[in-house]
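Given next are the chains, with one letter for each unit.
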Number of protein chains: 2
Amino acid sequence: MQQSNDAKVTRVVLDAMGGDYAPAELVKGAVEAVKNREDIQVFLVGQEDVVREELTKYTYPEERITIVHAEEVIETAEPPVNAIRKKKQSSIVVGMNMVKQKEADAFVSAGSSGAILVGGQVIVGRIKGIERPPLAPLIPTEKGVSLLIDCGANVDARPSHLLQFAKMGSIYMENVLGIKNPRVAIVNIGAEEEKGNALVKETYPLLKECGDINFVGSIEAREIPHGEADVIVCEAFVGNVILKLYEGLSSTLISAIKKGMMSTLKSKIGAALALPALKSTLKDFDASQYGGAPLLGLNGLIVKTHGSAKAKEITNSIYQCVTFKEQDINGKIKKNIISSTEQEGM
Amino acid sequence: MQQSNDAKVTRVVLDAMGGDYAPAELVKGAVEAVKNREDIQVFLVGQEDVVREELTKYTYPEERITIVHAEEVIETAEPPVNAIRKKKQSSIVVGMNMVKQKEADAFVSAGSSGAILVGGQVIVGRIKGIERPPLAPLIPTEKGVSLLIDCGANVDARPSHLLQFAKMGSIYMENVLGIKNPRVAIVNIGAEEEKGNALVKETYPLLKECGDINFVGSIEAREIPHGEADVIVCEAFVGNVILKLYEGLSSTLISAIKKGMMSTLKSKIGAALALPALKSTLKDFDASQYGGAPLLGLNGLIVKTHGSAKAKEITNSIYQCVTFKEQDINGKIKKNIISSTEQEGM
């Protein structure tokens, strides 16, 4: 297997078989990435003939894209634990094993969320001291983006998990997004400290006392779109509800507005005139320009993009892996976790 | 105190002091209600001189609006339990006591949610057999509205609570909104039965086996705006997050779109042409036309409107009380709970 051991090059394994537009948009995204930046090596993992056929459509620096054959494909509907256990030759398992073996720095996939979350824990493994790896997508706000941590599959979290999410989220936002001293808030049903369910009430003082983060208190869901915090901490069930309602409500409202504007001749003319400005507004509410959602706290980086990711989101996810490596996020997480463990032991 | 004992008349106590537009919009809403329908008696509870001054602005059937003096006002920021305990002469406590004493059928308030939720339980009291009274607002969808039950203040619910919410929500949607055989779904992070947190996993089989409801399975937050269920069951923390994100994201997107359309001259002209059609679309996403959120399972009806409620929402909330009484919702809830208790005893 051809590979670069140059420390300045980020080696990204891209799952060529996952997502709604596989393999075409994935291959396109990989080609864009290596054409635009020289510090990237991509391994396209998937069925070799299918991937190669797609790749031949492009001109690109060929030494920086390698196809890695993986016969099997994990479908979205498959029970994740079983799929990871049985499909050893799937693009997800083969790709994650490369990260585990340090043959690559990161794995990017638009495939089955469940399989990616299970594989991340089972194959790549957690950083020592990390209790749970959270999935942390960026969500668009009036002011930019916020990191919503955790939206994964491990529900019924404990306060200590949420504290680690807050720390990892802060490190990520500060170093990958460049937000100085990111504001951390916990999702709650009121602004007061005494509000909330048992989990939030127990977590609140831990966040308040934590010297490593800039904790600004509770955030009500109403304030999330206003960008009142950079790192939004919650357990995965609540995070999942927020993420999916965000997607569902945005698309419903936008399509209702478009439909409404097409309802009369007068409004149709108006729509045509307003459309360019409208499109640019809605683009601000498109988080895909920042890349996919990292699964943090693992021995390597796993990025889950939207299932509907097109080339642009794939390219940006690959860049995200470069920043993650360059900024040594995992080194910073390890250092933080070790110092916390030492403090607790004092 | 003047009052009608005519069974055909619905007696509604309206908190004239609660909400952002008190007392003007509340008084206006009450006047509209008694002018439009003859089967309504309104008690305006609040500081008599303030309320009377507002009332004198209108011509209306005077025998059907009575002012009930209440010296105190509970502010939104006050800790609810304390406020209910100490402010015996507040509009909320006086109004709720009238429902308790059967001097009125329902109490409507745009005031402090916390105080209304606490007062409902402490003053009005639960129907025997009801474990928790849920707050159940209507949320707008592509297809109309859905009932989101529970969005109250009692978090960390048990499966038996959620089962009761499903039953009460079904009775409400069938009889107040006129939706035949309403579809009941539980909020979950995936469509499969084995998905979810501990609460959802334990509740799912109870809903599935319940013969009184039309359970259609799990609903992901993404599907809520599409109107895939009529009764959306969840515990209050999750319900609160959904409700508030709904409000926050809708208003953020709409204002971003408006701002975007005002950014160039061309788009401004377009906006002017498209505006009437756009307004009618956005009106469909305005749940206030259906009235406020009922607090179900109490010995009488309590309705919480938005704090920002204007006359129209108040009038509609009063009509909602009429339907609630006419359809004997509480009688139906009692019958259902008694039959469930008997079944369990078998």
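What counts and how
Residues numbered from 1 in each chain as written. Chains lettered and ligands numbered in written order. Predicted model: local features only at pLDDT ≥ 70, side-chain atom pairs only at ≥ 80, totals over all residues. Heavy atoms only, no water. Axes fitted to C-alpha atoms, helices over the stretch in contact; angles between N-to-C directions. Helix = DSSP H or I, 4+ residues; strand = E, 2+ residues; numbered from the N terminus. Parallel < 35°, antiparallel > 145°, perpendicular 65-115°, else oblique. Left-handed = near helix turned anticlockwise from the far one by under 90°. Contact = heavy atoms within 4.5 Å. Buried area = accessible area lost by both parts, 1.4 Å probe. Salt bridge = Lys/Arg side-chain N within 4 Å of Asp/Glu carboxyl O. Polar contact = N/O pair within 3.5 Å; in protein donor to acceptor, adjacent residues only side chain to side chain. Nonpolar A, V, L, I, M, F, W, Y, C, P; charged D, E, K, R; others polar. Pairing = 2+ DSSP bridges. Least-squares fit on C-alpha atoms with pLDDT ≥ 70 in both.

Caption draft 1: Region of interest: the packing of helix α1 (residues 24–36) of chain A against helix α2 (residues 48–55) of chain A. Residues and elements named next belong to chain A. Close contact between α1 and α2 brings their axes to 9 Å; oriented N to C, the two are set at 55 degrees. Our classification of the angle between α1 and α2 gives oblique. The two elements α1 and α2 meet at a crossing, and its hand is right-handed. Between α1 and α2, the residues in contact are Ala-24, Val-27 and Val-31 and Val-51, Glu-54 and Leu-55, respectively.

Caption draft 2: Looking closely at the interface of chain A and chain B. Facing the 48 residues of chain A at the interface are 48 residues of chain B. Overall, the association of chain A and chain B removes approximately 4,600 Å² of surface from exposure, summing both partners, and the carbon and sulfur fraction of that is 77%. When the area that chain A buries against chain B is broken down by residue, the three leading residues are Ile189(A), Phe237(A) and Leu245(A), summing to 15%. When the shortest N-O distance is used, the salt bridge between Glu220(A) and Lys244(B) registers 2.3 Å. Across the contact surface, chain A and chain B share 10 residue pairs in polar contact (both at pLDDT 80 or more). Broken down by element, the residue count for the side of chain A that touches chain B peaks at 19 residues, all from helix α8 (residues 236–261) of chain A. Of the residues belonging to the side of chain A that touches chain B, the class tally is 27 nonpolar, 14 polar and seven charged.

Caption draft 3: The sheet that holds strand β8 (residues 214–220) of chain A, seen in detail. Residues and elements named next belong to chain A. Judged by pairing direction, the sheet is mixed, and its five strands sit side by side in the order β5-β6-β9-β7-β8 without closing on themselves. Looking at which strands have only one partner, the edges of the open sheet turn out to be β5 (138–141) and β8. Recorded for the sheet is a direction-independent mean angle of 30 degrees between the axes of neighbouring strands. Sheet topology places strand β7 (residues 183–188) next to β8; six bridges connect them, and they run parallel. Each bridged residue has a counterpart across the sheet, and for Arg-183 the counterpart in β8 is Asn-214. On the sheet, α8 packs against β5, β6 (144–149) and β7 and is oriented at approximately 50 degrees with respect to β5.

Caption draft 4: Geometry of the relation of the copies chain A and chain B. Note on the identical chains: chain A maps onto chain B by a rotation of 180 degrees and an axial translation of 0.0 Å, with an RMSD of 0.0 Å. On the angle and the small slide along the axis, the relation comes out as a two-fold axis. Relative to the rotation axis, the closest C-alpha in chain A is found at Gly270(A), a distance of 1.7 Å. Of all interface residues in chain A, 100% are interface residues in chain B too; the two copies therefore contact each other through one and the same surface.

Bear in mind that shape data such as this cannot, by itself, settle questions of function.
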